[in-house]
Amino acid sequence: MKNAALLLLTFFFVQLAYSQCPIIPRPQEYSQIDVKIPLDDQLTLDSNSMSFSTWEYLKSNLKQQTGIELVHDAENPYVQFGESPRLQVQGGPIPISHHYQISFNSNERKVYFETEESAFHAVNSMLQLIQKDGLKFYFQGSEVSDSPGFEWRGLHLDVSRHFYTVDEVKRFIDLMALYKFNTFHWHLTDDQGWRIEIKKYPKLADIGAFRDSTMMGHYSDEPRVFDTKKYGGFYTQDQIKEVIKYAADRFVNVVPEIELPGHSRAALAAYPELSCTGEQKGVPGTWGVFDDIYCAKQETIDFMKDVLAEVVELFPSQYIHVGGDEAPKTRWKKCPDCQKVIADNDLHDEHELQSYFIGQIDEFLTGKGKKLIGWDEILEGGLSPNAAVMSWRGMKGGIEAAKQKHEVVMTPTTYCYFDYYQSGHPSEPIAIGGFLPLEKVYRFNPVPKELNEDEQRYILGGQANLWTEYIASMEHLEYMTYPRALALAQTVWCRKKPSYDSFLSDFLTYQEDYLTRNKVNFARSIHQPILEITRKKNGINVHFKGVEENYHYTVSTKEIGGYSMNGGQAMGVEDTLFFERCYSGDKVKEIRTSVLDDSGGNSLVDRFLLHACLGAEIEMVTQPHPKYNNNGSLNLVDGVKGTQPWKGSQWLGFDTSYVEFIVDLGEVQDINLVNLGFLNQNGSWIYLPKLATIQVSKKSKWFLRKKYKHGIESEDCNITVGKKGRYVRVSIRAMDLIPIGMDGGGNTPWTFIDEIMIN
Ligand code: ACM
Ligand code: ZN
């Protein structure tokens with residue numbers, strides 16, 4: 001490493017002006033008292049002051065987190081824990097708000113609660129107030145007055161794509177309870193596996209719970225790779241009851257989801273007579289949306305009612321989720337049985353047929369004293385009278401439902417899909433796509449501005465979803481869920497949340513320790529320095545930005561390929577490196593930076609290519625889609641090539657069939673070869689374009705007629721030019737529409753580009 005340069009980076013943050021808080025979600029009212037209330041090997045409380053299950057919960061969590069023993073003492077408890085007289089406001093008690101209060105100061109150690117549920121919240125807040133000083137634990141002196149702001153604070157778990165055992169599901173619920181989530185949405189059925197025992201239809205579990213193979217790698221990989229081991233599992237009804245009881249002890253309601261009419265291949269593998277074609281097909285081991293869905297005939301509706309009759313017996317939840325999303329109407333259009341239902345009921349089309357289907361189920365569930373909830377597709381073709389809507393394709397569906405006076409849970413992909421990448425760094429494990437860093441989750445507000453005060457009352461709250469196509473283990477599940485679930489917990493607890501900076505500071509000060517104390521495999525993605533790249537004359541500045549006060553990074557750079565870097569060439573001032581573009585005719589140089597954090601771990605490598613248009617000005621004649629426009633045109637010349645697989649942030653994405661941009665090299669140079677990088681991930685509707693055309697000019701953006709054209713057959717496209725010029729016009733022609741039969745058939749393909757290099 002003769003030429004390697006070492007740089008120590010220190011980050012100073014302005015002193016924060018708010019009181020820090022160890023509790024997340026931060027209570028509605030919190031003030032820190034400058035006193036440490038010492039804790040012994042034993043903590044005494046009056047066990048009669050709370051329910052047996054809350055006592056047991058506190059006892060085991062206290063022991064496991066700190067080793068402290070919870071001991072009953074009715075006479076002289078260390079903490080006074082008791083039910084409060086209901087808060088009185090003028091004229092009478094306020095409605096139940098699950099309020100609790102903690103006063104830990106030099107005079108008193110008191111906890112008051114309004115309901116059993118709020119006693120449980122108080123216990124969790126108390127656990128988070130325990131801090132450590134050397135080897136000694138203490139309560140951080142605090143005044144807390146708190147109650148939840150939303151009634152639906154949810155996490156969802158898909159146990160179909162990958163199966164999680166009863167113990168794993170309990171662990172998932174346990175962690176939810178720490179952060180005051182109260183709704184566990186259990187996605188029990190999908191194409192790739194039916195996971196709940198139904199006594200009347202034993203084949204659902206015997207056949208529908210197992211598949212012969214499972215897709216490995218990413219859906220977009222070519223060729224696709226499969227693991228051919230038998231995979232599956234299901235929960236017996238006794239196990240389901242056990243989970244429900246476990247959750248109830250933690251004040252978590254379990255909402256089951258039984259998908260219909262789509263995502264039903266596992267059920268149809270067991271009972272093919274419920275499909276439109278009757279054809280026997282296995283439980284699929286690949287992801288996606290399938291054409292084969294339940295036939296909308298009466299037999300299916302009867303079957304579904306039988307299944308749900310057992311489900312409503314098992315689950316005390318008022319809400320029963322019946323899916324409703326992503327149900328292609330391909331089979332229904334050609335099925336005589338479905339067409340007969342349409343004709344017999346004067347329905348207009350297959351969307352109304354879906355509404356009819358859902359309506360029958362709604363009526364059944366309502367008759368059983370339950371409420372139907374479904375994904376926002378249930379709005380299409382008319383919303384069933386009692387249905388609640390879970391809005392996932394943005395907030396639009398939820399807004400529409402609230403305006404129609406239906407209850408709504410907000411879970412838009414943009415803020416709530418925890419199967420998306422949480423950082424753009426190459427070290428992130430493979431994910432479905434998309435980009436959802438911690439800060440973005442924190443920006444979520446389940447109540448849209450478009451609703452007036454009256455309509456806003458229909459918003460029950462929010463939820464994050466853990467779809468598990470790419471999450472095959474508990475360890476990985478925790479990594480995807482935490483810490484993002486903490487950001488969500490805050491957004492669904494308080495209607496007025498603190499700033500993100502305040503949240504982040506509390507998280508770094510207290511919650512990483514708390515997660516560690518609870519042995520959570522949480523993602524450290526926010527510790528990875530954010531690369532801030534800016535244009536400079538003849539190159540770029542790369543600034544490594546951290547999240548913490550007094551946190552150090554050591555950045556070393558290494559030249560790959562024999563080029564010798566002279567002295568501090570790659571060294572800028574302090575935390576910023578300058579990379580100079582390498583002129584055409586020279587070989588493209590590669591620099592690797594590795595970053596070590598204070599703990600000596602977390603070594604990261606980033607790879608920069610110093611090509612001839614590094615940092616060049618670009619005029620985007622065609623604008624990228626706002627969702628895939630990270631860093632604008634600089635993205636194309638920032639020296640960082642978009643990673644494979646696509647991680648949601650490093651590419652410029654276009655939803656147009658034609659793309660044009662003009663690069664200004666700053667001075668006339670030899671333009672021998674233009675290299676363009678494209679992405680080919682058809683599963684995400686991203687296709688290679690057909691043709692790239694280059695034009696060059698020396699003096700202005702008026703281009704010579706001479707064009708250099710190149711058909712695009714691979715992700716790496718080289719176009720030979722052999723001319724001098726300063727301006728380079730790049731035009732890219734994609735297919736007008738994706739051919740029918742391919743992923744996204746009939747739609748405009750996405751074109752993803754990164755990077756453009758010239759030499
Ligand atoms: C969904 O993500 N298909 C609800
Ligand atoms: Zn049919």
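As the structure is a prediction and not an experimental result, all values here were calculated from the model. (Residues numbered from 1 in each chain as written. Chains lettered and ligands numbered in written order. Predicted model: local features only at pLDDT ≥ 70, side-chain atom pairs only at ≥ 80, totals over all residues. Heavy atoms only, no water.)

Trainee: I'd like a rundown of the overall build of the chain, residues and numbers included.
Mentor: For the chain, the helix and strand inventory stands at 17 helices and 40 strands. Evaluated residue by residue, the chain yields a buried proportion of 59% over its 759 residues. Of the contacts made within the chain by residues no fewer than 6 positions apart, 74% connect residues no fewer than 24 positions apart. Surface summary for the chain: the accessible area is close to 31,100 Å², and the carbon and sulfur share equals 49%. (Helix = DSSP H or I, 4+ residues; strand = E, 2+ residues; numbered from the N terminus. Buried < 20%, exposed > 50% of the residue type's maximum accessible area, 1.4 Å probe, protein only. Contact = heavy atoms within 4.5 Å. Areas by Shrake-Rupley, 256 points an atom, 1.4 Å probe, with all protein chains shown as cover.)

Trainee: Tell me what's going on with the pairing of strand S12 (residues 152–158), and back it up with residues and numbers.
Mentor: The buried fraction of S12 amounts to seven of the seven residues, a majority that puts the element mostly inside the structure. Judged by which residues are buried, S12 turns out to be covered on both faces: Trp 152, Gly 154, His 156 and Asp 158 on one side and Arg 153, Leu 155 and Leu 157 on the other are all buried. With six bridges joining them, S12 and strand S27 (residues 459–466) adopt parallel strand pairing. Residue pairing across strands places Arg 153 opposite Gly 462, the latter belonging to S27. The handedness of the S12 to strand S13 (residues 183–187) crossover, carried by helix H3 (residues 166–178), is right-handed. (Pairing = 2+ DSSP bridges. Right-handed = clockwise from strand over helix to strand, strands pointing away.)

Trainee: Account for the sheet that holds S27, naming residues and giving values.
Mentor: Here eight strands make up a closed barrel; going around it, the order is S12-S13-S20-S21-S22-S23-S24-S27 and the pairing parallel. Within this sheet the neighbouring strands show an average axis-to-axis angle of 30°, counted without direction. The sheet strands contacting H3 are S12, S13 and S27, and the helix crosses S13 at an angle near 150°. (Axes fitted to C-alpha atoms, helices over the stretch in contact; angles between N-to-C directions.)

Trainee: Outline the side chain of Gln 131, listing residues and values.
Mentor: Considering the arrangement of structural elements, one finds Gln 131 in strand S10 (residues 130–133). With near-sequence residues (within four places) excluded, Gln 131 lies in contact with Pro 22, Lys 136, Phe 137, Tyr 138, Gln 140, Tyr 510 and Arg 517.

Trainee: Could you give an account of a positive patch on the surface, naming the residues involved and the relevant values?
Mentor: On the surface, Lys 698, Lys 699, Lys 706 and Lys 723 cluster together into a patch of positive charge. Its place among the elements puts Lys 723 in strand S39 (residues 716–733). (Patch = residues over 30% accessible without salt bridge, like charges linked within 9 Å, V, L, I, M, F, W, Y side chains within 5 Å. Salt bridge = Lys/Arg side-chain N within 4 Å of Asp/Glu carboxyl O. Lys, Arg positive; Asp, Glu negative; His and termini not counted. Charge placed at Lys NZ, Arg CZ, Asp CG, Glu CD.)

Trainee: Let's hear about the environment of Asp 506: which residues, and what values?
Mentor: Along the chain, Asp 506 falls in helix H17 (residues 500–517). C-alpha separation for the pair Asp 506 and Pro 22, spaced 484 residues apart in sequence, amounts to 6.3 Å. When neighbours within four sequence positions are excluded, Asp 506 is seen to be in contact with Gln 20, Cys 21, Arg 26 and Gln 511.

Trainee: Lay out the coordination of the zinc ion (ligand 2) with the relevant residues and their values.
Mentor: The coordination sphere of the zinc ion (ligand 2), as far as protein atoms go, consists of Cys 276 (SG), Cys 295 (SG), Cys 335 (SG) and Cys 338 (SG), spread over 2.3 Å. Taken together, the four donor atoms coordinating the zinc ion (ligand 2) span angles of 105 to 115° at the metal, a pattern that classifies the geometry as tetrahedral. Counting gaps between the donor residues of the zinc ion (ligand 2) yields the pattern C-x18-C-x39-C-x2-C. With Cys 276 in the loop between helix H6 (265–270) and helix H7 (298–314) and Cys 338 in helix H9 (residues 336–344), the pair connects residues that are 62 residues apart, well separated along the chain. Cys 338 carries the same exposure label as Cys 276, and that label is buried. (Donors = N, O, S within 2.8 Å, 3.2 Å for Na, K, Ca; no water. Tetrahedral: all angles 85-135°; square planar, octahedral: opposite > 155°, others 65-115°.)

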